[in-house]
Amino acid sequence: LPDTGYEQVLAPYKQSLDEQMDRTIGEAAQTLSAYTPESPLSNWAADALRDAATSFIGQPADIGVVNMGGLRCDIPQGTITLRRMFELMPFDNQLTIVWLKGKDIVDLCQGFARFGGQGVSGLSFTLSGEQATDIKIHGQEVHPEQEYSISTNDYLVAGNDDMMPLTRYTKRTDTGITVRDAFINAVKKATQEGKAIDAKIEGRIIVKQQ
């Protein structure tokens, strides 16, 4: 049988928590969903991580990477609540910035290709079967020995989701900011600017017709 006395004690706290979680923090111009090879939600999420890293290090982060499997629900068109952000990112993964050489980024993109695509920002490539070709960073060729900054999460930096090249970083910064908070801040920033969040498919990952 349920302990009704215990429930009564907790009830005010639950009500307060529910009120916080159901608070509106922004608006979505359209429903954002995640799917391979490229999607509005994964583009928005990768952009949000790159923007958060840029703010943290005080200079532009080159690339944002988010794993499709880490985006656990859509963001429906209309009101965005705090609860929706917790549903989108239920894990306490940390925003982590690593610096990788270009040749390791090329390897990283091959893992993306084997998966069928991932969320990327500042990065583009063509998907030819399970191979990534024509890899570019901000429209420029990747220089094998040049170091580029990548904004992602600590789970992926450990090499999970076929992202072992991320473990080859030359430098690493753990921000102490959760990915969820980076997403929340992106929504709040748009709201402060009088905007609804939005994103579209824009050819970051192009599928070559066989």
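For the structure itself, consult the block above.
In this report, the structure presented in the accompanying data block is examined. Quantities reported herein were computed from a predicted structural model and do not represent experimental measurements.

Calculation notes
Residues numbered from 1 in each chain as written. Predicted model: local features only at pLDDT ≥ 70, side-chain atom pairs only at ≥ 80, totals over all residues. Heavy atoms only, no water. Helix = DSSP H or I, 4+ residues; strand = E, 2+ residues; numbered from the N terminus. Rg over C-alpha atoms; globule rule 2.2 N^0.38 Å. Contact = heavy atoms within 4.5 Å. Areas by Shrake-Rupley, 256 points an atom, 1.4 Å probe, with all protein chains shown as cover. Pairing = 2+ DSSP bridges. Axes fitted to C-alpha atoms, helices over the stretch in contact; angles between N-to-C directions. Core = buried A, V, L, I, M, F, W, Y, C linked by side-chain atoms within 4.5 Å. Buried < 20%, exposed > 50% of the residue type's maximum accessible area, 1.4 Å probe, protein only. Phe/Tyr/Trp six-rings, centres within 6.5 Å; stacked < 30°, edge-to-face > 60°. Lys NZ or Arg CZ within 6 Å of the ring centre and 35° of its normal.

**Structural notes on the overall build of the protein chain**
Assigned secondary structure in the protein chain consists of 6 helices and 11 strands. Its C-alpha radius of gyration of 19 Å places the protein chain within 12% of the 17 Å reference for a compact globule of 210 residues. Each principal axis of the C-alpha atoms in the protein chain carries an extent, and together these give about 65 × 40 × 35 Å. Taking the contacts inside the protein chain whose residues are at least 6 apart along the sequence as the reference set, 78% of them involve residues at least 24 apart. Taken as a whole, the protein chain presents about 10,500 Å² of accessible surface, with 49% of it coming from carbon and sulfur.

**Here we look at the sheet that holds strand β6 (residues 123–128)**
Taken in spatial order, the 4 strands line up as β8-β7-β6-β11 in an open sheet, and their pairing is mixed. The outermost strands of the open sheet, each flanked by one partner alone, are β8 (140–141) and β11 (205–207). With respect to the sheet, helix α4 (residues 102–115) is in contact with β6 and β7 (131–137), its orientation differing from that of β7 by roughly 130°.

**Quick notes on the sheet that holds strand β5 (residues 119–121)**
The 5 strands lie next to each other as β5-β2-β9-β4-β10, forming an open sheet whose pairing is mixed. Two strands close off the open sheet at either side, each with one partner strand: β5 and β10 (171–178). When strand polarity is set aside, the average angle formed by the axes of neighbouring strands in this sheet is 20°. Alignment of strand β4 (residues 94–101) against strand β9 (residues 147–153), held across 7 bridges, turns out to be antiparallel.

**Section: the nonpolar core**
If you look at the biggest cluster of nonpolar residues, it comprises 29 residues, and the most contacted ones within it are W44, I75, I80, M85, L88, F183 and I197. Looking at this core, the elements that each hand over two or more residues are β1 (24–28), α2 (40–57), α3 (82–88) and α6 (179–192). Broken down by element, this core gets its largest block of residues, 7 residues, from α2. Each residue touching L88, except ones within four places of it in the same chain, is listed here: L41, W44, G70, L71, R72, C73, I75 and F183.

**Quick notes on the packing of aromatic side chains**
Aromatic ring pairs are described here by two measures, namely the spacing of the ring centres and the angle between the planes. Under the definition given, this model contains 2 aromatic pairs. On the basis of an interplanar angle of 45° and a centroid distance of 5.5 Å, the ring pair of W44 and F183 is categorised as tilted. Within this pair, whereas W44 is found in helix α2, its partner F183 is found in helix α6, the two being separated by 139 residues in sequence. On the basis of relative accessibility, which here comes to 7%, the residue W44 falls in the buried class. Among the residues examined, F183 registers a relative accessible area of 0% and is labelled buried. A cation over a ring is seen here: K171 above W99, with NZ or CZ 4.4 Å from the ring centre. Directly above the aromatic system of F86 lies the positively charged group of R180, at a separation of 4.2 Å from the ring centroid.

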